[in-house]
Amino acid sequence: MKLKKIMILLGTACILNTIVTGCGSGSAAKTEENQTGEALSEELKDASLKEIDENTEGNTAGKWQVLDPDVAAVVDADFLGKVWKIEEDSFFIAEKKVKVLDDGSLSYSSPSSNAVLPDSQLIHVILEDDAHFYLKTTDGNDESYEDKEAEFQDLKIHMSVEMKGSFKNDEFYATEIRFF
């Protein structure tokens, strides 16, 4: 919903700039265009700050957030990702976004396995002492699956992961990791 508002605001700004540029003359048009641009820039900044404030309630110190509670209930996970790097006792993921469509189906998006991502776009996953690993196997359709016990060593680069846990200072502390 907020994205729609921002898109409408940007569309309005483009139309106003076109009108000002086409109908105005000389410095008067430029002054009005600058004022309009500054006002829109300020409105977008305010909208973005409000959106960030609303999304950081559970993670006040960072930019990464667990999934929305409604989405988390549907996917049975707190956060989704794609394994990017594996270290001795932790790993890094790229965020995998999920959206519940109007018909109730899910839409997933994640970076291509061939993409080059900077470390700033990766999320460090720390394993809690009692973390459990499961290999998610399906029978060809996503409606039925089975979770088989697994280990950290079974995790491979570019695998999708569904995790339960929480963020602390932009690091995800995982208690359960399902991968496939």
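Every value quoted in this text rests on a predicted model; they were computed, and no experiment measured them.

(A) Fine view of the overall build of the protein chain. Within the protein chain one finds three helices and eight strands. Listing the helices and strands of the protein chain from first to last along the sequence gives α-α-α-β-β-β-β-β-β-β-β. Summarising the internal contacts of the protein chain: among those between residues at least 6 apart in sequence, 59% fall at separations of at least 24. Accessible surface computed for the protein chain: about 11800 Å², of which carbon and sulfur atoms make up 51%.

(B) Structural view of the nonpolar core. Membership of the largest hydrophobic core comes to 20 residues, with the highest contact counts inside it found for Phe91, Ile93, Met163 and Ile177. Secondary-structure elements contributing two or more residues to this core are strand E1 (79-86), strand E2 (90-95), strand E5 (122-138), strand E7 (160-168) and strand E8 (171-179). Those residues in contact with Met163, other than ones at most four positions away along the chain, are Ala77, Asp78, Phe79, Phe91, Ile93, Val125, Phe172, Glu176 and Ile177. Within the second largest apolar cluster, seven residues are counted, among which are Leu67, Val75, Leu80 and Val98.

(C) Region of the structure containing the pattern of salt bridges. As enumerated under the stated definition, the model contains seven salt bridges in all. In this structure, a network of salt bridges that share partners links the residues Asp76, Lys136, Glu162, Lys164, Glu176 and Arg178.

(D) Up close: the packing of aromatic side chains. Considering all chains together, one arrives at six aromatic pairs under this definition. Ring centres of Phe133 and Phe152 lie 5.9 Å apart, and the angle between their planes is 65°; this geometry places the pair in the edge-to-face category. Of this pair, Phe133 sits in strand E5 while Phe152 is found in the loop between strand E6 (145-150) and E7, placing the two residues 19 residues apart along the sequence. You can call Phe152 buried: its relative accessible area is 13%. Geometrically, the ring pair formed by Phe133 and Phe179 is edge-to-face, given 6.4 Å between the ring centres and 65° between the ring planes. In this pair, Phe133 sits in strand E5 while Phe179 sits in strand E8, placing the two residues 46 residues apart along the sequence. An identical accessibility class is assigned to Phe133 and Phe179; each is buried. A connected cluster of aromatic rings, assembled from ring pairs, spans Phe91, Phe133, Phe152 and Phe179. Sitting above the plane of the Phe92 ring, Lys85 keeps its charged end 5.2 Å from the centroid. We note Lys168 situated over the ring of Tyr173; from NZ or CZ to the ring centre the distance is 4.8 Å.

(E) Focus on the pairing of E8. Of all nine residues in E8, seven are buried; the element is thus mostly enclosed. Alignment of E5 against E8, held across eight bridges, turns out to be parallel. Across the sheet, the residue bridging to Leu135 is Phe179, located in E8. Between E7 and E8, which pair antiparallel and follow one another directly, the connecting turn spans two residues, one of which, Asn169, has a positive phi of 50°.

(F) Fine view of the pairing of strand E3 (residues 97-100). Direction of pairing for E3 relative to strand E4 (residues 106-109): antiparallel, over a ladder of four bridges. Each bridged residue has a counterpart across the sheet, and for Val98 the counterpart in E4 is Tyr108. Hairpin geometry of E3 and E4 is characterised by an intervening segment of five residues between the two adjacent antiparallel strands and by a positive phi of about 90° at Gly104.

(G) Spatial organisation of the side chain of Lys82. As for its placement among the helices and strands, Lys82 is situated in strand E1. Lacking a salt bridge, the buried Lys82 has Glu95 as its closest oppositely charged neighbour, with an N-O distance of 14 Å. In this structure the side chain of Lys82 is engaged in a polar contact, spanning 3.1 Å, whose partner is the side chain of Ser113.

The rules we used
Residues numbered from 1 in each chain as written. Predicted model: local features only at pLDDT ≥ 70, side-chain atom pairs only at ≥ 80, totals over all residues. Heavy atoms only, no water. Helix = DSSP H or I, 4+ residues; strand = E, 2+ residues; numbered from the N terminus. Contact = heavy atoms within 4.5 Å. Areas by Shrake-Rupley, 256 points an atom, 1.4 Å probe, with all protein chains shown as cover. Core = buried A, V, L, I, M, F, W, Y, C linked by side-chain atoms within 4.5 Å. Buried < 20%, exposed > 50% of the residue type's maximum accessible area, 1.4 Å probe, protein only. Salt bridge = Lys/Arg side-chain N within 4 Å of Asp/Glu carboxyl O. Phe/Tyr/Trp six-rings, centres within 6.5 Å; stacked < 30°, edge-to-face > 60°. Lys NZ or Arg CZ within 6 Å of the ring centre and 35° of its normal. Pairing = 2+ DSSP bridges. Lys, Arg positive; Asp, Glu negative; His and termini not counted. Polar contact = N/O pair within 3.5 Å; in protein donor to acceptor, adjacent residues only side chain to side chain.

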